[in-house]
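Remarks on the overall topology
Here is what each chain is made of, one letter per residue.
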Amino acid sequence: MTSDKDLKHVLSLYFVMGSQDVGLYDPLTTLEIALKAGITCYQWREKGAESLTGSERFAFAKAARHLCQTYHVPFFVDDDVSLALELNADGVHVGQKDEIAREVRQKIGPAMWLGVSAHSVEEANRALVDGADYIGVGPYKPTQSKADAESPLGDTLIRTLAEMNYPLPMVAIGGVTPADVPTICSAGAAGVAVISAISKAADPAMAVERFLSQSNDF
Ligand code: TZP
Ligand code: MG
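Cut-offs used in this document
- Residues numbered from 1 in each chain as written.
- Chains lettered and ligands numbered in written order.
- Predicted model: local features only at pLDDT ≥ 70, side-chain atom pairs only at ≥ 80, totals over all residues.
- Helix = DSSP H or I, 4+ residues; strand = E, 2+ residues; numbered from the N terminus.
- Buried ≥ 20, exposed ≤ 12 C-beta atoms within 10 Å, placed from the backbone.
- Contact = placed C-beta atoms within 7 Å.
- Near = placed C-beta within 6 Å.
- Nonpolar A, V, L, I, M, F, W, Y, C, P; charged D, E, K, R; others polar.
- UniProt positions renumbered as here; feature names shortened; annotations may be inferred.

1. Considering the overall build of the protein chain
On a plain count of helices and strands, the protein chain comes out with ten helices and eight strands. For the protein chain, the C-alpha atoms occupy an extent of roughly 45 × 40 × 30 Å along the three principal directions. Each of the 218 residues in the protein chain was classed as buried or not, and the buried ones make up 46%. Residue pairs at least 24 apart in sequence account for 61% of intrachain contacts in the protein chain once pairs closer than 6 positions are excluded.

2. Focus on the site of ligand 1
In the vicinity of ligand 1 there are 15 residues, among which T143, S145, G174, I195 and S196 approach most closely. Taken together, the residues of the shell around ligand 1 sort by class into eight nonpolar, six polar and one charged.

3. Notes on the UniProt feature "binding site: Mg(2+)" (unreviewed entry) in the protein chain
The UniProt feature table records "binding site: Mg(2+)" (unreviewed entry) at D79 and D98. The greatest C-alpha distance among the annotated residues, which extend across 20 residues, is 6.5 Å, indicating that they converge on a single site. Position of D79 relative to the elements: it lies in the loop between strand 3 (75-78) and helix 4 (81-86). Residues in contact with D79, not counting those within four places in the same chain, are V94 and D98. Tracing the backbone shows D98 in the loop between strand 4 (91-94) and helix 5 (101-108). Taking the number of C-beta atoms within 10 Å as the measure of exposure, D98 has 16 and is therefore partly exposed.

See below:
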């Protein structure tokens, strides 16, 4: 199993995308552009009314997993624990409304990373007890990419958890742009998780470069 230091780096620029999130390019082209440009991990998140189903969904996940392997970038699966196991993903991410994190940890064992979304200190502590390796905190700002997103938190929860010496690395998600990176990192996050600022950018490679240039730690 890789160390916490490695996971912190992996979480620096966490690109999240499903086929429903793309802009100018098709999903796999968008992913490959982002991988080449330097994202540090990728989460396959196929979700919502316009997402793929059945064999197309599986084919996309498999191709995305393969692309990540080619670029030596960790591949995470949102929600779908059995697909994560089938594709031998590097990690799985679950929200508060998904499968209970403790049960997910039992299914995936110790070798696969587990991320959990948290919107409060209580949820963050529960994630820790349940065996999470990192937490996603958000939404940071309003977002168009998640229909049922909670109210924006800004950097308040990250700051609070950092002051409590919360031990797991944190990533901020929701409406994050390159300009937000310094505030988010100085609040105590290991990195940022981003959908549209990369996937819908006119130039996704330049968007990735802008994110990466915002922190010396990335
Ligand atoms: N969880 C909280 S906000 C969000 C998720 C999956 C969507 C983030 O997308 P964007 O486009 O970066 O705001
Ligand atoms: Mg989820």
